[in-house]
Amino acid sequence: MEYINYIPKFFDRVENKNNLYTTNMDVMQLNIGKICNLACKHCHVEAGPHRKEYMKKEIMDDCLYVFKKHGFKVMDITGGAPEMMPNFEYLVEESSKIAKEVIVRTNLCILLEEKYKHLIDFYAKNKVTIFCSLPFYTKEITDGVRGEGVYESSIEVLKKLNAVGYGKTLNLNLVYNPDGAFLPDSQESLEKEYRKKLLEEYGIVFTNLFTITNNPIGRFGMRLYKKDKLKAYMTKLYDAYNEDTVEFLMCRNEINVSYDGYLYDCDFNQMLDLKIHSNRVHISDYRENNFERRKIAIGNHCYGCTAGAGSS
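What follows covers the pairing of strand β4 (residues 129-133). For β4, the buried fraction is high: five of the five residues fall into the buried class. Here β4 shows a buried face lined by Thr129, Phe131 and Ser133 and a second buried face lined by Ile130 and Cys132. For strand β3 (residues 101-106) and β4, the ladder comprises four bridges, and the chain directions are parallel. What sits directly across from Val104, in β4, is Ile130. Crossover β3 to β4 through helix α4 (residues 119-125) is right-handed. Direction of pairing for β4 relative to strand β5 (residues 172-176): parallel, over a ladder of four bridges. What sits directly across from Ser133, in β5, is Val175.

Written out as structure tokens, the structure is:
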């Protein structure tokens, strides 16, 4: 995309270049497909009901083998709507046997569909940590971002999750995305607002809220480009750059695996097809080989994770 020339290169902005190298690999994030029941405006994956891509079982088995062999701690499963992918439950069950924590990133409303509603109890049984997107605590904004009826469905699922212990003894984390080309408010203040509104109006509780800056790639980046707002948004991210966030970026201790088994430093790089800097770029390569300290593949989209308080 043309935005790479709008502002100075991210590499030049970073003062401590040592932070642009990996540390120990603790987190394995699997993007197991692009099939989704929604087609959200801010989706950098460009997932939707029309997509066909999903991770085959043999790739899942490679991931599980490498995870255990190399001592990863956290298995982070995302999509699309990961619940819609073949062998999803197999992956979660096998991951729960070897990981200290299994994360599933869900859009909530998928869990109301007859085919998937049993997964609420399944998640509780396997003590899965849930990350769920809720663009805002009001219907107007949430439905504007994700589609008509999503807010009410999300609220209903959150109540069901609370009923089996989520937000109480099990981890239920909400994720906030701005509904436009602006940075999120402070995570602390938004979490207080969410807690107050959701508890007062619906009796809903949750563990934590995380704010995520919309990354200018995929469906969101194309929307900005078509509306001639991409340059202004990139400038906003650049102006809000925070050097202190770089040390804690997810790409430093995470490996991201695409549905077809290729390796990236993060989910955003996967969508841009920026593979890791290595001669070995497929998960199967690490059944026999070790991960080495490497330089992280970066670009100006990295300003999205380093603006303000950071988003990673």
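With that settled, consider the environment of Lys231. Residue position: Lys231 is located in helix α9 (residues 230-239). When its relative accessible area of 52% is taken as the criterion, Lys231 is described as exposed. Here the alpha-carbon distance between Lys231 and Tyr6, two residues 225 residues apart in the chain, equals 6.1 Å.

A few words now on the nonpolar core. Among the nonpolar cores identified, the biggest contains 60 residues, and Met28, Tyr123, Leu158 and Tyr194 are the most heavily contacted of them. Here the element with the most residues in this core is helix α2 (residues 57-69); it accounts for six residues. With sequence-adjacent residues up to four places away left out, Tyr194 is seen in contact with Leu134, Pro135, Phe136, Tyr137, Leu174, Tyr176, Leu199, Phe206 and Leu209. In terms of nonpolar packing, the next biggest core, distinct from the first, is built from 25 residues, Tyr233, Tyr241, Cys251 and Ala307 among them.

Rules of the game
- Residues numbered from 1 in each chain as written.
- Predicted model: local features only at pLDDT ≥ 70, side-chain atom pairs only at ≥ 80, totals over all residues.
- Heavy atoms only, no water.
- Buried < 20%, exposed > 50% of the residue type's maximum accessible area, 1.4 Å probe, protein only.
- Helix = DSSP H or I, 4+ residues; strand = E, 2+ residues; numbered from the N terminus.
- Pairing = 2+ DSSP bridges.
- Right-handed = clockwise from strand over helix to strand, strands pointing away.
- Core = buried A, V, L, I, M, F, W, Y, C linked by side-chain atoms within 4.5 Å.
- Contact = heavy atoms within 4.5 Å.

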